[in-house]
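Understanding the architecture of this molecule
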Amino acid sequence: MKHLFLAGLLFVFSSGVFAKEMIFYKYAEGDGYSVLVASADEAVPGLSARDVIARKMTAASFSLEDVPSDYYSVKATSGIAFYGENVTQYEITPLTGDRFSHVVWLDGGGNLIKTEIYDGAEKLMFAFSSFDFGRASKPAPTKHKHAESAGRPFFKGFAHIMTKRLPDGVTHLMFTDGLNRFSVFINPHPDDSGTVSKIVYGNYLMSKVVSGVEYTVIGSVPYSTMEEFIKVLNGSRTEIGDMLKTGALITDEVYTKKTEMEEILK
């Protein structure tokens, strides 16, 4: 069963063997996997990019309020004993095949213990757990909607939450539906005209040149969803470019208004 794969690894170890807080990190990379088991609190010189990413993820949180019921179903299994904690497992499954599924474990206080992400073929893409073996029970986190999940959706329930200008005229856009997220990098001066798709750090990645513009999408959505976003972004690139210049967030008005105008002009 997919939700037990990491549990087996965690229960092998005794709390007396490790440092206070341990990180367990497994992610798909190409056709295989990479695994990291390390202390979260040890001072390690010359940390790799993977180590830095793993340590930053120890601060991650989760709220069921952020999971949109229009796009996901949630199955809860409570009463799981985990090192003296009363853990509840939530299996979060997309209602359609246009985004990834998640399995999360929360302790009795609602704190995130473990996260697993699976693609549409139920292939494990990412698993992360951080547990403090010597900790006292933490209070429940404050219940509120995360800022990143706010805002009007742009397409397929995903809202545009961030824009960043990068060197060489590249624009970085970030989208989320409250659970899954992905980034789009728009490069108006591509070096080639090919299409690339692969798996990196537990994320799908697609890079494609359309109408002389390179779109690179990376995140927890399938390639088919990436293709749809590229099509929509490219079809309204002039309108989107004008919005981004003003610092505005992209909403569905960009392409709905254009579609309505095209219908009028037919």
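Residues numbered from 1 in each chain as written. Predicted model: local features only at pLDDT ≥ 70, side-chain atom pairs only at ≥ 80, totals over all residues. Heavy atoms only, no water.

The subject of this paragraph is the pattern of salt bridges. Using the criterion set out here, one finds eight salt bridges in the structure. One salt bridge connects Arg152 with Asp252, and the closest N-O pair in it is separated by 2.7 Å. Here Asp252 lies in the loop between helix H4 (237–245) and helix H5 (253–265) and Arg152 lies in the loop between strand E7 (124–132) and strand E8 (153–155), a separation of 100 residues in the sequence. On the basis of relative accessibility, which here comes to 43%, the residue Arg152 falls in the partly exposed class. Of the charged contacts in the structure, one is a salt bridge between Glu228 and Lys156, with a shortest N-O distance of 3.6 Å. Residue Glu228 is located in helix H3 (residues 223–235), and its partner Lys156 is located in the loop between E8 and strand E9 (158–165); the two are separated by 72 residues in the primary sequence. With a relative accessible area of 32%, Glu228 lands in the partly exposed category. Among the charged side chains, a salt-bridge network with shared partners connects Asp98, Arg99, Lys156, Asp177 and Glu228. (Salt bridge = Lys/Arg side-chain N within 4 Å of Asp/Glu carboxyl O. Helix = DSSP H or I, 4+ residues; strand = E, 2+ residues; numbered from the N terminus. Buried < 20%, exposed > 50% of the residue type's maximum accessible area, 1.4 Å probe, protein only.)

For the pair Asp252 and His160, spaced 92 residues apart in the sequence, the C-alpha separation amounts to 10.0 Å. The residues touching Asp252, leaving out its near neighbours within four places in the chain, are Arg152, Pro153 and Phe154. Within the structure, Asp252 has its side chain in polar contact with the side chain of Arg152 (distance 2.7 Å). (Contact = heavy atoms within 4.5 Å. Polar contact = N/O pair within 3.5 Å; in protein donor to acceptor, adjacent residues only side chain to side chain.)

Counting buried positions along strand E5 (residues 101–106) gives six out of six residues, so the element sits mostly inside the fold. Covered by surrounding structure in E5 are Ser101, Val103 and Trp105 together with His102, Val104 and Leu106, the residues of both alternating faces. With antiparallel pairing between neighbouring strands as the criterion, strand E4 (residues 85–94) and E5 make up a hairpin whose turn holds six residues. Across six bridges, E5 lies against strand E6 (residues 112–118) in antiparallel orientation. Within E6, the residue paired with His102 across the bridge is Ile117. In this structure, the hairpin formed by E5 and E6 is closed by a connection of five residues, where Gly110 is found at a positive phi of approximately 85 degrees. (Pairing = 2+ DSSP bridges.)

A few words now on the pairing of E9. Bridge count for E8 against E9 is two bridges, and the pairing is antiparallel. Counterpart to Pro153 in the pairing with E9 is Ala159. Once E8 ends, the chain turns through two residues before running back antiparallel as E9, passing Lys156 with a positive phi of about 55 degrees. Where E9 lies against strand E10 (residues 171–176), six bridges are found, and the strand directions are antiparallel. From the neighbouring strand, Ala159 faces E10, where its bridge partner is Thr176. Between E9 and the antiparallel strand that follows it, E10, lie five residues; Asp168 among them carries a positive phi value of about 65 degrees.

Here we come to H3. Taking 1.5 Å per residue, 13 residues should reach 18 Å; H3 reaches 18 Å between its end C-alpha atoms and fits that length. Among the residues of H3, Thr225, Met226, Phe229, Ile230, Val232, Leu233 and Asn234 are the ones counted as buried. (Expected span 1.5 Å × (residues − 1).)

Take the sheet that holds strand E11 (residues 181–187) next. Paired through their backbone hydrogen bonds, the strands of a sheet run either parallel or antiparallel. In spatial order, the strands read E8-E9-E10-E11-E14-E13-E12; together these seven strands make up an open sheet with antiparallel pairing. In the strand order of this sheet, the two ends are held by E8 and strand E12 (195–200), each with one partner. When strand polarity is set aside, the average angle formed by the axes of neighbouring strands in this sheet is 30 degrees. Here six bridges tie E11 to strand E14 (residues 213–219), and the two strands are oriented antiparallel to one another. Pairing of Ser183 across the sheet is with Ile218, part of E14. (Axes fitted to C-alpha atoms, helices over the stretch in contact; angles between N-to-C directions.)

Within the largest apolar cluster, 38 residues are counted, with the highest numbers of intra-cluster contacts made by Tyr25, Phe154, Phe175, Phe182 and Val184. The leading source of residues in this core is H3, at five residues. When we break this core down by domain, the ones giving at least three residues each are domain 1 (19–132) and domain 2 (153–265). Setting aside residues up to four positions removed in sequence, Val184 forms contacts with Thr171, His172, Leu173, Phe175, Tyr215, Thr216, Val217 and Leu233. Residues Phe82, Val87, Val103 and Ala127 belong to the second largest nonpolar core, which totals nine residues. (Core = buried A, V, L, I, M, F, W, Y, C linked by side-chain atoms within 4.5 Å. Domains from an automatic or database assignment.)

Let's shift gears to the confidence of the model for the protein chain. Close inspection of predicted coordinates is inappropriate in any region flagged by low pLDDT. Mean pLDDT for the protein chain: 82, with 79% of residues reaching 70 or above. Within the protein chain, E14 carries the highest mean pLDDT (97), whereas helix H1 (residues 5–12) carries the lowest (33). Contacts of residues 1–19 to residues separated by more than four positions or lying in other chains number 42 contacts, the stretch itself having pLDDT below 50. With pLDDT under 50 throughout, residues 260–266 is counted as low confidence; its partners more than four residues away or in other chains account for zero contacts. (pLDDT = per-residue confidence, 0-100.)

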